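# Survey of secondary and tertiary structure
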Amino acid sequence: MEGPGDRAFRLLNEYSSGFMVSQVLFAACELGVFDLLAQAPEPLDTAELATRLGTSLHGTELLLDVCASLELLTVETKRNRAVYQNTDLSTTFLVRTSPTCQLHMLLYLSRTTYLCWGHLAAAVREGKNQYKRAFGVPSEQLFTAIYRSEAERLLFMRGLAEIWSVHGVGVMTAFDLSAFSVICDLGGASGALARVCASLYPDSSVLVLEVPEVVRAARSLFLSTVEAPVSFREGDFFKDPLPEADLYILARVLHDWTDEKCSELLAKIHHTCKPGGGILVVESVLEEDRRGPLTTQLYSLNMLVQTEGRERTPAEYRSLICSAGFQDFQLKKTGKIYDVILARK
Ligand code: SAM
Ligand code: ASE
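The structure displayed is predicted, hence computed values, not measured ones.

What follows concerns the sheet that holds strand S9 (residues 327–332). Sheet architecture is open: seven strands sit in the order S6-S5-S4-S7-S8-S10-S9, paired in mixed fashion. Looking along the sheet, the strands with just one partner apiece sit at the ends: strand S6 (231–234) and S9. Averaged over neighbouring strand pairs, the angle between their axes works out to 20° when direction is ignored. Where strand S7 (residues 247–251) and strand S8 (residues 278–283) come together, five bridges link them in parallel fashion. Looking across to S8, one finds that Tyr-248 is bridged to Ile-279. Packed onto the sheet, helix H13 (residues 212–220) meets strand S5 (205–210) and S6 and runs at close to 155° relative to S6.

So, in structure tokens, the structure goes:
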């Protein structure tokens, strides 16, 4: 029987080794373990995997066995040797060719987010993001710091697109949007969520507003599991006039910014929006008392180490959105990571 002290120590141990679990997942992705196993016609043993990955026999064996304990791989003993295969989890989410692959977000978390989290104590002390400490880049212009290089921009865009192959339909059907004929996704990145929207509402036209470098990348890469027509417009949603639309989508945009910047953006949208038009906010929403969900609380810390923003409660979104002049505030909890808010002018 587990006593209270046992439980406490088990939890402590679980939390302190949590970073090792993340690193095992990241390393297996970086090394290409899951893609290699997906391409192999049969389960592979350690020696074959090590040879093809160009890795050490010893290190590979340790990594693979942890992956098996984490249900990222299966292991079987055949003729006295361990052979490994992908599980349903890795086949669905970690193999590059899967339509619901999440690999690029994991690589982004591994190469950028994790390094900012290495300075969490400093972030909490200072109350600001850690690009300067982690990468030596100034963080006055948030997206100049986030897009440190072309490779970084492409990885972030790919990573952001991936979640919508899993939750895009749930998010875009939380409310019936068929009455909105022109829809503008502000900061819509690669257009992945916009394409889900266009495929669900084929009578609406969908436009993505993004900064020029992202529009250029979005045009050359197609980062969506759904084929649907969307157009792109280059612009800065803080500085330039906004396109005319009946519905403005803000997905994972408000959480990047301070209350002041959010209010500025929302007031600008309200000014451009037609009466009867609306705004659709897609975010991971905290419980009213901030006691959960744990994932959203962690995302809020992630916004601290990586952005100028935070995750917010329903009351905080209501206050920001209604102060900008919008009415009929409605929140739909999807039960998944991202929730949806609709409000009207
Ligand atoms: N909406 C997308 C999604 O949920 O997958 C992307 C969210 S991403 C966290 C925020 C996006 O806002 C980035 O793609 C960034 O380029 C864009 N963005 C940031 N500042 C912007 C600005 N001033 N004008 C237009 N887009 C901007
Ligand atoms: C942002 C979203 C993300 C800014 C930085 C980010 C994500 C990772 N880093 O708007 C994707 C969402 N995941 C998390 C952990 O917040």
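Our focus in this paragraph is the site of ligand 2. Taken together, 13 residues form the shell around ligand 2, and within it His-255, Asp-256, Tyr-299, Asn-302 and Gln-306 come nearest. At a separation of 2.6 Å, an oxygen atom of ligand 2 approaches a polar side-chain atom of His-255. One nitrogen or oxygen atom from the side chain of Asn-302 is found 3.1 Å from an oxygen atom belonging to ligand 2. Listing elements by their share of the shell around ligand 2, those giving two or more residues are helix H7 (103–117) and helix H15 (294–306). The element best represented in the shell around ligand 2 is H15, accounting for four residues. Of the residues belonging to the shell around ligand 2, the class tally is six nonpolar, five polar and two charged.

On to the domain arrangement of the chain. Interface size is often expressed as the accessible area that is lost when the parts come together. Structurally, the chain comprises domain 1 (4–93) and domain 2 (165–344). Between domain 1 and domain 2, the C-alpha centre-to-centre distance is 36 Å.

Turning our eyes to something else, we now look at helix H16 (residues 314–323). In an α-helix, one full turn covers 3.6 residues, which means residues spaced three or four apart are oriented alike. Buried within H16 we find Pro-314, Tyr-317, Leu-320 and Ile-321. What you see down the axis of H16 is that its buried residues fit within an arc of 135°, all on one side. Each element contacted by the buried residues of H16 is listed here: helix H14 (259–272), S8, S9 and strand S10 (339–344). Following H16 by one or two positions, Gly-325 adopts a phi angle in the positive range, close to 110°.

Buried residues of helix H4 (residues 46–53): Thr-46, Leu-49, Ala-50 and Leu-53, and no others. Along the axis of H4, the buried residues cluster in a sector spanning 95°; they form a single face. More than 90 degrees from the buried face of H4, the exposed residues found are Thr-51 and Arg-52. On its buried face, H4 sits against helix H2 (18–31), helix H3 (33–39), strand S1 (44–45), helix H5 (57–69) and strand S3 (81–86). The opening residue of H4, the one whose side-chain oxygen lies 3.3 Å from the backbone nitrogen of Ala-47, is Asp-45. Count one or two residues on from H4 and you reach Gly-54, which has phi positive near 70°.

Take the environment of Thr-173 next. Residue placement: Thr-173 occurs in the loop between helix H11 (150–172) and strand S4 (182–186). Using a relative accessible area of 42% as the deciding quantity, one classes Thr-173 as partly exposed. Along the backbone, Thr-173 and Val-196 are 23 residues apart, and their C-alpha atoms lie at a distance of 9.9 Å. Residue contacts for Thr-173: discarding those within four places in its chain leaves Leu-200 and Tyr-201. There is a polar contact of 2.7 Å between the side chain of Thr-173 and the backbone oxygen of Val-169.

This paragraph deals with the pairing of S5. Of all six residues that make up S5, five are buried, and the element is covered over most of its length. Bridge count for S4 against S5 is five bridges, and the pairing is parallel. Across the sheet, Cys-184 pairs through a bridge with Leu-207, a residue of S5. Between the parallel pair S4 and S5, the chain is carried across by helix H12 (residues 192–200), and the sense of this crossover is right-handed.

Attention now goes to the site of ligand 1. Looking at ligand 1, there are 18 residues lining it, with Tyr-147, Gly-187, Glu-210, Phe-237 and Ala-251 nearest. A distance of 2.9 Å is found between an oxygen atom of ligand 1 and a side-chain nitrogen or oxygen belonging to Trp-164. The contact in question runs from a nitrogen atom of ligand 1 to an N or O atom on the backbone of Gly-187, over 2.8 Å. Burial of ligand 1 by the surrounding chains reaches 96%, relative to a free accessible area of 600 Å². Broken down by class, the residue content of the shell around ligand 1 amounts to 11 nonpolar, three polar and four charged.

Within the structure shown, the criterion is met by 14 salt bridges. With its nearest N and O atoms 2.4 Å apart, the salt bridge here joins Glu-150 to Arg-153. Of the two residues, Glu-150 and Arg-153 are both situated in helix H11; the distance of three residues between them amounts to about one turn of the helix. On the basis of relative accessibility, which here comes to 9%, the residue Arg-153 falls in the buried class. For Glu-308, the salt bridge identified is with Lys-261, shortest N-O distance 3.0 Å. Of this pair, Glu-308 sits in the loop between H15 and H16 while Lys-261 sits in helix H14; the two residues are 47 residues apart in sequence, bridging distant segments of the chain. Several salt bridges share partner residues, and in doing so they unite Glu-2, Arg-10 and Glu-14 into one network.

Rules used in this analysis
- Residues numbered from 1 in each chain as written.
- Chains lettered and ligands numbered in written order.
- Predicted model: local features only at pLDDT ≥ 70, side-chain atom pairs only at ≥ 80, totals over all residues.
- Heavy atoms only, no water.
- Pairing = 2+ DSSP bridges.
- Helix = DSSP H or I, 4+ residues; strand = E, 2+ residues; numbered from the N terminus.
- Axes fitted to C-alpha atoms, helices over the stretch in contact; angles between N-to-C directions.
- Contact = heavy atoms within 4.5 Å.
- Near = heavy atom within 4 Å.
- Polar contact = N/O pair within 3.5 Å; in protein donor to acceptor, adjacent residues only side chain to side chain.
- Nonpolar A, V, L, I, M, F, W, Y, C, P; charged D, E, K, R; others polar.
- Domains from an automatic or database assignment.
- Buried < 20%, exposed > 50% of the residue type's maximum accessible area, 1.4 Å probe, protein only.
- Arc of directions from axis to C-beta.
- Right-handed = clockwise from strand over helix to strand, strands pointing away.
- Areas by Shrake-Rupley, 256 points an atom, 1.4 Å probe, with all protein chains shown as cover.
- Salt bridge = Lys/Arg side-chain N within 4 Å of Asp/Glu carboxyl O.

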